[in-house]
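# Coordinate inspection notes
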Amino acid sequence: MQDKQFMKEMLTDGAHAYKEGRMDRRTFLALCGASGVALSAVMAGDAEAAADHVVMWNWGGQSEECHGSAIGDAFTASTGKGLKFDTSGPLEGKIKEMVDSGNVTADVADADLFNAVSLGPTGHLEPIDYSVVSKDKTLPGYALEYGVSVILYGYAFVYDTEAYGDNPPQNWADFFDTAKFPGMRSLYKWANGSLEAALMADGVAGDALYPLDMDRALAKIKSIKEDSLYWGSGSEAHSMCVNGEVTMGMIWQNRGRNIENDTDGRFKLVNNQAMAMPGAYIVPKGNPAGAAVMQFIATAQEVPAQLALLDCLGMTPSNPAAFGEIPEDQQDYAITSAKNIDKIVYNDPEWWGENGGDAVNAFLEAIS
Amino acid sequence: MHALRKHIHPGWLIIAPLLVLVVALYLGPILNILWLSVTDPEPGFGNYAKLGESDALLRILWTTVRICIITTMFSVTLGYSIAYAMVHCHQRQKNYMLTLLLVSFWISILVRTFSWLMLLGRKGLVNVTLEDIGLIAEPIAFMRNEFGVLIGMIHYMIPYAVLPLLVSMQALDKRVMDASSNLGATGAQTFWRIYLPLTTPGLVASTLLVFILSLGFYVTPAVLGGGKVLMVAEYISVQLLVTLKWGTAAMLAALMLFGVLAMLWIMSRFMKLSTVFGGAAR
């Protein structure tokens, strides 16, 4: 891991030196070879292209492959620039640390829109250039000064059909009703979605959630604490359901599909009152590729890229022009599909950006 | 005194580069953390004052200390019997035991943590077997609670407890015990009055090692605690990465550091710590 990071930094430095003429082509190619980089561009002897790329900071795994095929290929075709990845996970603290250290190695982070609200005003992000990126190609309110929502993910829940055969749970009120629906539940550990679900279960309307009434939400969370487990990652949430540890689980809706498949339909996804979360692209201040990254973001907004991300990662389009083109087999799982769009609620990134830190701590304190 | 200084002087020159490295790469960041704890978000002792204001922080610290104490007690007790058995069995069996011990020592903490879930989870091997043979009607909640965290941590810590004890027991002069029984002491008397006191340095070393390492546990409580067992390491990580309250994180880290130093200081009142860390007992 450390070595990978070191290689990456060495190569980035090398590429810059090469571009500025401080390093000759032969040395740069040798460097690429030594660090095991076998870019097609380098193989072809076109080191210029290797030095000219955008680095995407994401969570790795499948998303590396999917971001490459859904956005990277089109971006390379139109600009001639490549796409590289840093897969160490752009948590807010890591972005802040990277910018503060002055050694910015990523151009665009696959983050949450609320990160744009909390990190933007403190000088850790580049503003989005809306002459290149379009405000109309995302949902209203999700194109902010320091970040733009490119995909949506959602907090929905799955339930065990064998536990609640004839009378399945249909909304968050049922999810929090342990008398009518006995069994263990799992909720997201870092408060997002869990707080909103608790409020909706307590009778707050989906469009009147913000500002969140923390006391009320936490009281509801605590009321089912004895019957709850909390997950910190998608795979953990997944295994809690598949291994039969819970009979109902809050889940990212693309994970919900995997759980349905892995349990041969024993678990079923409920999208009613699911919360749409704006996943956003944000740009660390002083990013190495400069303004070129805006074209990358613009590419990701296009309908083909949006649909490809849905197909590959299960991330729902945020560009309204793509809503109508969501294919039939994705209708149940895409949060903005015609089938779901009237049933969902929307996350408020402004509230989370301003109050998220305190909310997460209050939540952790309530569940521990 | 003069001879001592003459003796030490060139040595300092040789270790000077190392000393500089340690100061630059180790002491520097630590001072930075301490500095952060009194400057972020604003100068003063506001972060430390939070300890008095917030029950939650105290509860997290108490959970951490409680779990660490229980873990240490069990790991060291179990470790002591394992080490004792290893020293007193045949060489062949000792080698088997040492191999098993080292294998579990080398297996990644993640693998060991998730193995416990497979064994003791709700639908794990143990629960399913017990249900199949009709001993229990409902699965026993071994995991996803504090009990689960303790199982995982004690299991992980036993090799750390055994190794210092093993060294200390192997260094004992067996003739002392022979002399004791020769003078008419029973086996129990020899153990309590001769063997145990002579292995105290090893006992203290493994207690310290296990307790200090336990304080920093992150993965095991996060996975086996089901989100409900919040220990200080995980809380610090959340403050650094998610909520950006670096001052709180630094304050808790500083507290841990001073806690450990204070513990070592108190120990040093009662015994020579150098014997614990392998020095001569003079």
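What counts as what
- Residues numbered from 1 in each chain as written.
- Chains lettered and ligands numbered in written order.
- Predicted model: local features only at pLDDT ≥ 70, side-chain atom pairs only at ≥ 80, totals over all residues.
- Heavy atoms only, no water.
- Core = buried A, V, L, I, M, F, W, Y, C linked by side-chain atoms within 4.5 Å.
- Buried < 20%, exposed > 50% of the residue type's maximum accessible area, 1.4 Å probe, protein only.
- Helix = DSSP H or I, 4+ residues; strand = E, 2+ residues; numbered from the N terminus.
- Contact = heavy atoms within 4.5 Å.
- pLDDT = per-residue confidence, 0-100.
- Buried area = accessible area lost by both parts, 1.4 Å probe.
- Salt bridge = Lys/Arg side-chain N within 4 Å of Asp/Glu carboxyl O.
- Polar contact = N/O pair within 3.5 Å; in protein donor to acceptor, adjacent residues only side chain to side chain.
- Nonpolar A, V, L, I, M, F, W, Y, C, P; charged D, E, K, R; others polar.
- Disulfide = S-S within 2.5 Å.

It is worth spelling out the nonpolar core at this point. Counting residues in hydrophobic clusters, the biggest one holds 165 residues, and the most contacted among them are Phe176, Leu195, Tyr281, Phe296, Ile297 and Trp352 of chain A. The element contributing the most residues to this core is helix α7 (residues 146-170) of chain B, with 14 residues. For Trp352 of chain A, the contacting residues outside a window of four places in its chain are Phe114, Ala191, Asn192, Leu195, Glu196, Tyr210, Leu212, Asn347 and Ala359 of chain A.

Scored by pLDDT, chain B has a mean of 89; 94% of the residues are at 70 or more. Here helix α14 (residues 273-276) of chain B stands out as the element of chain B with the lowest mean pLDDT, 68, in contrast to helix α3 (residues 55-88) of chain B, whose mean of 95 is the highest.

Contact residues are listed per partner, giving 22 residues for chain B and 29 residues for chain A. Counting the surface lost from both chain B and chain A, the interface buries some 2300 Å², and carbon and sulfur atoms represent 58% of this. In this assembly, chain B and chain A are joined by 4 salt bridges. Of the charged contacts in the structure, one is a salt bridge between Glu245 of chain A and Arg144 of chain B, with a shortest N-O distance of 2.6 Å. Linking chain B with chain A are 13 residue pairs in polar contact (both at pLDDT 80 or more). When residues of the side of chain B that touches chain A are traced back to their parent elements, those giving at least two are α3, α11 (219-224) and α12 (232-241) of chain B. Ranked by the residues each element gives to the side of chain B that touches chain A, the list is headed by α12 of chain B, at 6 residues. Taken together, the residues that form the side of chain B that touches chain A break down as 11 nonpolar, 4 polar and 7 charged.

For the rest of this paragraph, the subject is helix α13 (residues 292-301) of chain A. An α-helical segment advances 3.6 residues per turn. Residues three or four places apart therefore align on the same side. Where burial is concerned, most of α13 of chain A is hidden: 9 out of the 10 residues are buried. Taken as a whole, α13 of chain A has its buried residues at Ala292, Val293, Met294, Phe296, Ile297, Ala298, Thr299, Ala300 and Gln301 of chain A.

Should the sulfur atoms of two cysteines be covalently bonded, the bond is a disulfide. All names here are of chain A. Counted according to the given criterion, the structure contains 1 disulfide over all chains. Shown here is the disulfide that connects Cys66 with Cys312, its sulfur atoms set 1.9 Å apart. On the S-S bond that ties Cys66 to Cys312, the torsion sits near -75 degrees, and the link is left-handed. Of the two residues, Cys66 sits in helix α5 (residues 62-79) while Cys312 sits in helix α14 (residues 303-313), which places them 246 residues apart along the sequence.

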